[in-house]
Amino acid sequence: ALSPALATKARILIKKNNTFQTSGLVSRTVYSVQAESGDILGYLNAGILLNNSHSIVDEFRNFIYPNMAQDSSENGTVTIFLHDLRVSTNVLSSNNGGRALGTTVSNVVRDTVLVKGENFIDNAYVLDDWYISAYKPIYNYNGNIIGILYTGYGIWSFVEQYIIYLVEIVLGILLVLILSGVYVYKNTR
């Protein structure tokens, strides 16, 4: 109602049914301006539309995962959901390589976070890969759940490191056994 350009910027194509989300998720701050006497003179009112905004999720990712590649969602990811729809994310879509805006959260996470109002901290399948994930409800000023804040880290990097350590340990043990066997064999004569 305030701005047709803002309404256009808020539109997100919902991938599962090819319709558009026209509601916007806004982070809003209202701050009172007071005179020296303490009387309220007015209010400063500002808001940021989070739909299609990449800066906030990238900033969160850089804060949470400071040593990550900036152009990859391979490991650390952050998403803001309006209800169960991704409206701001740095999760990359395997279809087009772009951000996975317009995709939805899994049913298990939706039921846990949006319906029950609980945090979901567990492994979760995010689009096409497994992540160690944390989902937390986002509340509006009335205390109603209106969305989800998500962060996750790719499991594969942990599995890969585990396999490398396991191979190194096995090779180290085998080397010690072989050297011990050779030493025992030579010294038994």
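Overview of the structure. Computed from a predicted model, the values in this text were never measured in an experiment.

**A word on the pattern of salt bridges**
Counted under the stated rule, the structure contains 3 salt bridges. The partner of arginine 61 in a salt bridge is aspartate 58, and the shortest N-O contact between them spans 3.9 Å. Residue arginine 61 and its partner aspartate 58 are both found in helix H2 (residues 55-64); the two are separated by 3 residues, about one turn of the helix. Across the salt bridge formed by arginine 110 and aspartate 111, the nearest N and O atoms sit 3.7 Å from each other. Three or more residues are tied together by salt bridges with common partners; here these are Asp58, Arg61 and Arg99.

**Digging into the environment of lysine 16**
As for its position among the elements, lysine 16 is in the loop between strand S1 (12-14) and strand S2 (19-21). Residue lysine 16 is classed as exposed on the basis of its relative accessible area, which comes to 61%. In sequence terms lysine 16 and leucine 85 are 69 residues apart; their C-alpha atoms lie 10 Å from each other. Sequence-distant contacts of lysine 16, defined by excluding residues within four places in its chain, comprise Asp84 and Thr104.

**Description of the side chain of serine 133**
Note that serine 133 resides in strand S8 (residues 129-139). Among the polar contacts made by the side chain of serine 133, one reaches the main-chain carbonyl oxygen of tyrosine 131 at a distance of 3.2 Å. Serine 133 has contacts with Phe120, Ile121, Asp122, Ala124, Val126, Tyr150, Thr151 and Gly152, leaving out every residue within four places of it along the chain.

**Some points on the packing of aromatic side chains**
One pass over the full model with this rule turns up 5 aromatic pairs. Pairing phenylalanine 120 with tyrosine 135 gives two aromatic rings, centres 5.8 Å apart and planes at 70°, and the pair type is edge-to-face. One end of the pair, phenylalanine 120, is in strand S7 (residues 120-126); the other, tyrosine 135, is in strand S8, with 15 residues separating them in the sequence. Among the residues examined, phenylalanine 120 registers a relative accessible area of 12% and is labelled buried. Note on tyrosine 135: relative accessible area 3%, which makes it buried. An aromatic cluster of at least three residues, connected via ring pairs, comprises Phe81, Phe120, Tyr135 and Tyr150.

Conventions and cut-offs
- Residues numbered from 1 in each chain as written.
- Predicted model: local features only at pLDDT ≥ 70, side-chain atom pairs only at ≥ 80, totals over all residues.
- Heavy atoms only, no water.
- Salt bridge = Lys/Arg side-chain N within 4 Å of Asp/Glu carboxyl O.
- Helix = DSSP H or I, 4+ residues; strand = E, 2+ residues; numbered from the N terminus.
- Buried < 20%, exposed > 50% of the residue type's maximum accessible area, 1.4 Å probe, protein only.
- Contact = heavy atoms within 4.5 Å.
- Polar contact = N/O pair within 3.5 Å; in protein donor to acceptor, adjacent residues only side chain to side chain.
- Phe/Tyr/Trp six-rings, centres within 6.5 Å; stacked < 30°, edge-to-face > 60°.

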